[in-house]
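# Notes for the structure review
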Amino acid sequence: MKDLESIKQQIEAGVAGAQVSLVPNDSPANQPSLLVDAAHGLAVATFLRDEAELRFDYCSNVTGVDWMETEQKTKVKQVFDGEEKEVEQVVKMPGYLEAVYHLYSMELRHGPLVIRLRTKNRTDEVELPSLTPVWRSCEFQEREIYDLYGIVFAGHPDLRRILMWDEFKDHPMRKDYVEPDDYEYEPTPHDEVLAKSKAHYPAEVKP
Amino acid sequence: MSTEALAEPPKNYEVRPKSSGQFEDDMGELLEVSMGPHHPSTHGVFRMDVVLDGERVVKLKPVFGYLHRNHEKIGEGASYLASMPYTDRLDYFCSMTNNWAYALSVEKLAGLQVPERAEYIRVITAELTRLVNHTCLMGFLVQDMGALGTPLMYAFREREKILDLFESLSGARMMCNYMRFGGCRCDLPTGWLEQAQKVVDEYPRFLDEYERLLMGNEILMARSQNVGVLPKELAVSAGITGPMLRASGVNYDIRKVDKYGIYDRFTFRVPLGDHGDVYDRLMVRLLEMRESLGILQQALKSIPDGPVVDPRAKLRGFKPKAGEAYGRIEAPKGELGFYLISDGSPNPYRYRVRPPSFVNLTVLEDMCLGHTVADVVIILGSVDIVLGEVDR
């Protein structure tokens, strides 16, 4: 397989307007990845699959990663009353959700190429393009990410929960997920009766 | 039965070419059946929402998650080593290969080396696991076709011999928890290699008997040939791996492609199918077992003496450098991969399992459309799923 820098240039030449950047990986595994902007995700994926020299026809692993909001502390020099002082400044880095795709080529037998797509934040702008039209193997795995991380894949043919039950509300793989105290709690008529009865209690023993 | 709900078909509902054509005009009242989750032929708590026209499948949606315990979240909360026994529970037929895939990923992440003897032990145990898995799968599959009892019991008899080996090696029949980062947990007990040699020497006799018993059987051929055909292009696009991919005629075996461990030292062939139907999947597995036996013969002859674990590998206080790694092996069911992100702490920041049976289920609907309910059972059986791995 060609090195990542030349693949990056090839993508930028082949897909107009695509912004690709290299994400280094310090571990001995030596698997750096390419960060692709979400707007061109589908076009880049199609290019990677169809380009004769690359032919990444097999998308092996698709997964989500949750990156929480982080604080970066930097020391900045500021002038107070004509005196220069070093002040610690806290910069909040926004969190985001990430979809990671591991691509291989069955035809040319090379890989892995790791590409990443990032959402804008973790709360409301969590949409990414679905790559299921390019690789069918993303179908269930993207559903799983939607289920466990809450990334909404635009263009997915059948985006439903897959491991959790349909009525489940939260996304359990997120780092800030809090487990409910009781999974099997269901409101019953008894709850209403109990709430009404509270009106009869004296003020000091109100539970 | 809810025919009213089906009068208005759902948005993405479509009758694929296979089920249309001659049947399109006379499509009668549709019947919605929930197959599973407690049906014995669904190989665990697995359910399919099947829409039937007469006996013919026009829509099939797999439903699972009944065994979901969020294995990945547990992995993020535990240290690297503490996840090792949990990997046994993923595909509980093949704990040795699960161990290996996880150990391989962590070794990539931390840059550990594996001693020669440990590599040989890994190959031997992994190939024995492949024998166990494929033998049992064939037993289950013919059980699904109606050959009750005998073939499955034959398979279990042979499986037990290999599980005995695993038990004397690791202390447990199925939940072996045997491999460690940078090697294996303990050395082989005295006389183990001779016992293994005996099992390996006797295995071909069983395979010959099994093949004679099953593969030429008229009923089996009628039930499985031309059933559940998976075309090559779809198999590649849908990320199908393992014997299922090779039955469709794609030459892709990770033992050959990645040459992980020491697989480049052994000579073995990769069996391929022509038609991609259920019969081919059975046959590919049978032939793969013969190749596994060849690898075992070579490995048992050439295993060297020496340590079984990298002395630099730490069990306690194990903290790999920040970074990420994806490691994969050819497990009996397909590509089993682990994707790990380390942030320098004792726990992985992200711990992801790429389960082969989960991804292989993607094409279940495509294979079943146009076939009868009875065939759905066989097609599902030939996918070879284990719900511990699908649901995680």
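Residues numbered from 1 in each chain as written. Chains lettered and ligands numbered in written order. Predicted model: local features only at pLDDT ≥ 70, side-chain atom pairs only at ≥ 80, totals over all residues. Heavy atoms only, no water.

### Some thoughts on the overall build of chain A
Along its length, chain A carries four helices and nine strands. In sequence order, chain A lays out its α and β elements as α-β-β-α-β-β-β-β-β-β-α-β-α. Taken over the C-alpha trace, chain A has a radius of gyration of 24 Å; the compact-globule value for 207 residues is 17 Å, which it surpasses by more than 25%. Seen along its three principal axes, the alpha-carbon backbone of chain A occupies a region of about 80 × 65 × 35 Å. In chain A, buried positions account for 44% of the 207 residues. Expressed as a percentage of contacts within chain A between residues at least 6 apart in sequence, the contacts between residues at least 24 apart total 54%. With an accessible surface of roughly 11,400 Å², chain A has 50% of that area assigned to carbon and sulfur atoms. Taking the 24 positively charged and 39 negatively charged side chains of chain A as two groups, their mean positions are separated by 1 Å. (Helix = DSSP H or I, 4+ residues; strand = E, 2+ residues; numbered from the N terminus. Rg over C-alpha atoms; globule rule 2.2 N^0.38 Å. Buried < 20%, exposed > 50% of the residue type's maximum accessible area, 1.4 Å probe, protein only. Contact = heavy atoms within 4.5 Å. Areas by Shrake-Rupley, 256 points an atom, 1.4 Å probe, with all protein chains shown as cover. Lys, Arg positive; Asp, Glu negative; His and termini not counted. Charge placed at Lys NZ, Arg CZ, Asp CG, Glu CD.)

### With respect to the confidence of the model for chain B
Detailed reading of the predicted coordinates is not advisable wherever pLDDT is low. Across chain B, the average pLDDT comes to 86, with 93% of residues at or above 70. Both scores are given for the predicted complex: the pTM is 0.86, the ipTM 0.84. (pLDDT = per-residue confidence, 0-100.)

### Quick look at the packing of aromatic side chains
All told, the structure shown has 25 aromatic pairs over all chains when counted by the stated rule. With 6.0 Å between their ring centres and 25 degrees between their planes, Trp100(B) and Tyr263(B) make a pair best called stacked. Of the two residues, Trp100(B) sits in helix 4 (residues 95-110) while Tyr263(B) sits in the loop between helix 11 (254-257) and helix 12 (278-302), which places them 163 residues apart along the sequence. Take Trp100(B): its relative accessible area is 0%, and that puts it in the buried class. In this arrangement the basic side chain of Lys175(A) is found over the ring face of Tyr349(B), its NZ or CZ atom lying 4.1 Å from the centre. Taking NZ or CZ as reference, Arg328(B) lies 3.6 Å from the ring centre of Tyr104(A), over its face. (Phe/Tyr/Trp six-rings, centres within 6.5 Å; stacked < 30°, edge-to-face > 60°. Lys NZ or Arg CZ within 6 Å of the ring centre and 35° of its normal.)

### Some remarks on the pattern of salt bridges
All chains considered together, the criterion is met by 44 salt bridges over all chains. Of the charged contacts, one joins Arg49(A) and Asp50(A) as a salt bridge, the two residues approaching to 2.9 Å between their closest N and O atoms. What makes Arg49(A) partly exposed here is its relative accessible area of 24%. Measuring nitrogen to oxygen at the nearest pair gives 3.0 Å for the salt bridge that ties Glu324(B) to Arg116(A). With Glu324(B) in strand 6 (residues 323-331) and Arg116(A) in strand 7 (residues 110-118), this pair bridges two chains. Arg116(A) carries the same exposure label as Glu324(B), and that label is buried. Taken together, the shared-partner salt bridges connect Glu144(A), Lys175(A), Glu72(B), Glu76(B), Arg350(B), Arg352(B) and Arg392(B) into one network. (Salt bridge = Lys/Arg side-chain N within 4 Å of Asp/Glu carboxyl O.)

### Some words on the sheet that holds strand 2 (residues 47-53) of chain B
Two pairing modes exist for strands in a sheet, parallel and antiparallel, and in both the strands are linked by backbone hydrogen bonds. Residue and element names in this part refer to chain B. If you walk across this open sheet you meet the three strands as 1-2-3, and the pairing is antiparallel. Edge strands, defined here as strands with exactly one partner in the open sheet, are strand 1 (30-35) and strand 3 (56-63). Mean inter-strand twist for the sheet, computed between neighbouring axes without regard to direction, equals 20 degrees. By the bridge criterion, seven bridges tie strand 2 to strand 3 in an arrangement that is antiparallel. Paired with Met48 across the bridge in strand 3 is Pro62. (Pairing = 2+ DSSP bridges. Axes fitted to C-alpha atoms, helices over the stretch in contact; angles between N-to-C directions.)

### Notes on the nonpolar core
With 170 residues, the main nonpolar core has Leu48(A), Tyr101(A), Phe64(B), Leu128(B) and Leu364(B) as its most contacted residues. Element by element, the count of residues in this core is highest for helix 5 (residues 116-144) of chain B, at 14 residues. (Core = buried A, V, L, I, M, F, W, Y, C linked by side-chain atoms within 4.5 Å.)

### Some thoughts on the interface of chain B and chain A
With 49 residues of chain B at the contact, the number on the chain A side is 46 residues. Across the chain B/chain A interface, buried area totals approximately 3,900 Å², and carbon plus sulfur atoms make up 52% of it. When the buried area of chain B at its contact with chain A is split by residue, Glu324(B), Tyr326(B) and Tyr349(B) rank highest and sum to 16% of it. Counting the contacts that link chain B with chain A gives five salt bridges. (Buried area = accessible area lost by both parts, 1.4 Å probe.)

### Examining the sheet that holds strand 3 (residues 58-67) of chain A
Residue and element names in this part refer to chain A. As summarised here, the arrangement of the five strands in space is 1-2-7-6-3, forming an open sheet in which the pairing is mixed. What marks the edges here is a single partner per strand, and that holds for strand 1 (20-23) and strand 3. Averaged over neighbouring strand pairs, the angle between their axes works out to 25 degrees when direction is ignored. Pairing geometry for strand 2 (residues 33-36) and strand 7, over four bridges, is parallel. Looking at strand 7, one finds that Val36 is bridged to Leu117. Where helix 1 (residues 4-14) meets the sheet, its contacts fall on strand 1, strand 2 and strand 7, and the angle it forms with strand 1 comes to roughly 165 degrees. Packed onto the sheet, helix 3 (residues 138-148) meets strand 3 and strand 6 (96-105) and runs at close to 5 degrees relative to strand 3.

### What to know about the pairing of strand 7 (residues 334-342) of chain B
As a general feature of sheets, a regular strand has side chains that alternate between the two faces. Residues and elements named next belong to chain B. With nine of nine residues buried, strand 7 is to be regarded as a mostly interior element. Note: strand 6 against strand 7, nine bridges, orientation antiparallel. By the bridge assignment, Ala331 is partnered in strand 7 with Gly334. Here strand 6 hands over to strand 7 after two residues, the two strands then running antiparallel side by side. Of the strand pairs in this sheet, strand 7 and strand 8 (residues 348-354) are connected by six bridges, and their pairing is antiparallel. Paired with Ser342 across the bridge in strand 8 is Pro348. As consecutive antiparallel partners, strand 7 and strand 8 are separated by five residues, and within that stretch Gly344 has a phi angle of approximately 90 degrees, a positive value.

### Things to note about helix 3 of chain A
Residue and element names in this part refer to chain A. For helix 3, a buried count of ten out of eleven residues is recorded, marking the element as mostly surrounded by other parts of the structure. Among all positions in helix 3, only Cys138, Glu139, Phe140, Gln141, Glu142, Arg143, Glu144, Ile145, Asp147 and Leu148 are buried. Looking at the residues trailing helix 3, positive phi occurs at Gly150, about 85 degrees.

### Details of unusual backbone geometry
With phi around 50 degrees, Arg55(A) is a residue other than glycine that occupies positive phi space. On the basis of relative accessibility, which here comes to 22%, the residue Arg55(A) falls in the partly exposed class. Of note in this structure, Arg392(B) is not a glycine but carries a positive phi near 45 degrees. Mapped onto the elements, Arg392(B) comes out in the segment after helix 16 (387-391).

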